[in-house]
Each structure stands twice: as structure tokens, then as C-alpha cells.
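Results of the structural survey
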Amino acid sequence: MLETQRDSLRSAGYPLTRLVSDYAELWEDATPLEIRERCLETSDANFLIFTKNGKNLGVTHEIAYASMSDSMAYRAHHCVVFDEVFGSRGTASALSVESIKNSGIIRRELCGEDDLRQGLASHAYLQARMQYDTLQRRP
């Protein structure tokens, strides 16, 4: 599912979109935990996705790191959490939701892959607009 969403963003004009797993070959010397943290610290936008059938422990760590790390203090607004909701209940734990609220990270509820695809495209555009000047100055 995440690969499909990554490819959809690439097709929508964001060719540098990567998953954390895509970085394993680039940073061979790093542990999986270090890779996750480096991704958060160096990416222009971080989309953290909770799904009912996903591996949510990594996302839980990423939220904790983004919300509590000194190195992320000015980058939390580059993070968007997508939380798959069933009825009135989200997939993210209550502790993660509280960390999201306290840190200024954006949280968006989603219902299924189509909703996620639309939300990712929308927030990719918003992140690009917010960082337009910075992105324009890059070589």
C-alpha cells in the first residue's frame, strides 16, 4: 500500500518522494532507528501513516521523536500524520494522538486508500507552498 501511495505522489509531480525503506541502501551504515530519525530530520515533508493493517510501531516512534527531539523543534510543522479511522476510533494510540496535539504536528483522519491518496497529494502541495522560498533556492 505505501509503495502505491509513494508512486502516486511521484506521478503527481513529487519525484523525490521516498519511503523510509528506500533509504536503507543510501545509508548502509545506519541502523533502522537511525534511518527513521535521519529521514525526519532531513526531509522537506514527513507523512506518517497509521493504518489498521500496518506496522504502526515505527510510526509511533517517529511521532515520539518528532514531538520530543530538540533537532525536530522547528521541523514538527513539516510532519503530517494520517490516521485511519473506523467509526469514531482512530488507529493511532491515545498517547500518540496527545503527542501530535502537543507538538503542532498536523493530524488528518482518513478512510481508505483513496482518501489517503487525496490527502497525501493535498498535503504535499501545502508543504511545497509553505516551503516555496527555501525549495527555490536549492541547486
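Located above this text is the structure these notes cover.
A brief report on the enclosed structure follows. All values derive from a computational prediction rather than experimental measurement.

Another aspect to go through is the pattern of salt bridges. If you walk through the whole model with that rule in mind, you get ten salt bridges. Note that Arg 107 and Glu 109 form a salt bridge whose closest N and O atoms lie 3.4 Å from each other. We classify Arg 107 as partly exposed; its relative accessible area is 31%. Judged by its relative accessible area of 47%, Glu 109 falls in the partly exposed class.

A separate point is helix H1 (residues 2–11). Structural remark: α-helix, 3.6 residues per turn; residues separated by three or four positions point the same way. Of the residues making up H1, those classed as buried are Gln 5, Arg 6 and Leu 9. Seen end-on, H1 carries its buried residues on one side only, within an arc spanning 100°. Those residues of H1 that are buried lie in contact with strand S1 (46–50) and helix H5 (113–130).

Residue placement: Asn 46 occurs in strand S1. Separated by 26 residues in the primary sequence, Asn 46 and Val 20 have C-alpha atoms spaced 10 Å apart. Excluding anything up to four places from it in sequence, Asn 46 contacts Cys 39, Leu 40, His 78, Cys 79 and Val 80. Polar contacts involving the side chain of Asn 46 include one to the main-chain carbonyl oxygen of Leu 40, which spans 3.2 Å.

With respect to the helices, strands and loops of the structure, Glu 84 is situated in strand S2 (residues 79–86). No salt bridge is formed by the buried Glu 84. Its closest oppositely charged neighbour is Lys 52, at 8.0 Å. Looking at Glu 84, its side chain comes within polar contact range of the main-chain nitrogen of Lys 52, at 2.9 Å. Aside from chain neighbours lying at most four places away, what touches Glu 84 is Phe 50, Thr 51, Lys 52, Arg 89, Gly 90, Thr 91, Leu 110 and Gly 112.

Relative to the helices and strands, Ile 100 resides in helix H4 (residues 94–103). Using a relative accessible area of 2% as the deciding quantity, one classes Ile 100 as buried. Separated by 33 residues in sequence, Ile 100 and Ser 67 have C-alpha atoms that sit 6.9 Å apart. Ignoring any residue separated from it by four or fewer positions in sequence, one finds Ile 100 in contact with Ile 63, Val 81, Ile 105, Ile 106 and Arg 107.

Basis of the calculations
Residues numbered from 1 in each chain as written. Predicted model: local features only at pLDDT ≥ 70, side-chain atom pairs only at ≥ 80, totals over all residues. Heavy atoms only, no water. Salt bridge = Lys/Arg side-chain N within 4 Å of Asp/Glu carboxyl O. Buried < 20%, exposed > 50% of the residue type's maximum accessible area, 1.4 Å probe, protein only. Helix = DSSP H or I, 4+ residues; strand = E, 2+ residues; numbered from the N terminus. Arc of directions from axis to C-beta. Contact = heavy atoms within 4.5 Å. Polar contact = N/O pair within 3.5 Å; in protein donor to acceptor, adjacent residues only side chain to side chain. Lys, Arg positive; Asp, Glu negative; His and termini not counted.

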